[in-house]
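If you want the building blocks of each chain, they are given just below.
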Amino acid sequence: QVQLVESGGGLVQAGGSLRLSCAASGRTFSAYAMTWFRQAPGKDREFVASIRGSGGSTYYADSVKGRFTISRDNAKSTVYLQMNSLKPEDTAMYYCAASQYLATMAGKYDYWGQGTQVTVSS
């Protein structure tokens, strides 16, 4: 089992920045690919960014590429999402997820946090 707890969400004006954190506990953190998803009201959960267990490779949705950066600190069992140049359309509940195999589909992930809300005002 892996337990995930997100933090760092909040209300920010368009153009601003936030950094989300996801702290993991349980099994060996470095064995898991970590991914951020988001879900806006009335919409499906969508892939945002992913990072391999070693931290060597990262992947981003086109909508956030160049603005968001995913990183991880395996010594702290934590994954981060630095979000810059935020837009109102980034407003959503953000979730971190863990899986032994990196994927962009939410259904492939075994472990989820409870989510942290990000609201970007125009």
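The coordinates are above.
I will try to describe carefully the structure that is included in this document.

Here is what the cut-offs are and how they apply
- Residues numbered from 1 in each chain as written.
- Predicted model: local features only at pLDDT ≥ 70, side-chain atom pairs only at ≥ 80, totals over all residues.
- Heavy atoms only, no water.
- Core = buried A, V, L, I, M, F, W, Y, C linked by side-chain atoms within 4.5 Å.
- Buried < 20%, exposed > 50% of the residue type's maximum accessible area, 1.4 Å probe, protein only.
- Helix = DSSP H or I, 4+ residues; strand = E, 2+ residues; numbered from the N terminus.
- Contact = heavy atoms within 4.5 Å.
- Pairing = 2+ DSSP bridges.
- Axes fitted to C-alpha atoms, helices over the stretch in contact; angles between N-to-C directions.

Before going further, it helps to examine the nonpolar core. The biggest cluster of nonpolar side chains holds 35 residues, and the ones touching the most others in it are Leu-4, Met-34, Trp-36, Leu-81, Met-83 and Tyr-94. Listed by contribution, the elements that provide at least two residues to this core are strand S1 (2–7), strand S3 (18–26), strand S4 (33–39), strand S5 (46–51), strand S7 (68–73), strand S8 (78–83), strand S9 (92–99) and strand S11 (116–121). For this core, the leading source of residues is S9, giving 5 residues.

Topologically, Gln-13 is positioned in strand S2 (residues 10–13). Distance in space between the C-alpha atoms of Gln-13 and Ser-99 is 33 Å, their sequence separation being 86 residues. Residue contacts for Gln-13: discarding those within four places in its chain leaves Val-120 and Ser-121.

With respect to the element layout, Leu-18 can be found in strand S3. Along the sequence, Leu-18 and Val-118 sit 100 residues apart, while their C-alpha atoms lie 8.5 Å from each other. Non-local contacts of Leu-18, meaning those with residues more than four positions away in its chain, are made with Gly-8, Gly-9, Gly-10, Val-12, Leu-81, Gln-82, Met-83, Leu-86 and Val-118.

Now for the pairing of S9. Within S9, 7 of the 8 residues are buried, which leaves it mostly tucked inside the rest of the structure. With 7 bridges connecting them, S4 and S9 associate as antiparallel partners. Counterpart to Arg-38 in the pairing with S9 is Tyr-94. Strand direction decides the pairing type here: S9 and S11, joined by 3 bridges, are antiparallel. Paired with Met-93 across the bridge in S11 is Gln-117. As paired elements, S9 and strand S10 (residues 111–112) share 2 bridges and run antiparallel to each other. By the bridge assignment, Ala-97 is partnered in S10 with Trp-112.

Turning our eyes to something else, we now look at the sheet that holds S1. Judged by pairing direction, the sheet is antiparallel, and its 4 strands sit side by side in the order S1-S3-S8-S7 without closing on themselves. For this open sheet the edge positions go to S1 and S7, each flanked by a neighbour on one side alone. Each adjacent strand pair in this sheet contributes to an overall mean axis angle of 15 degrees, direction not counted. One ladder, built from 6 bridges, connects S7 with S8; its direction is antiparallel.

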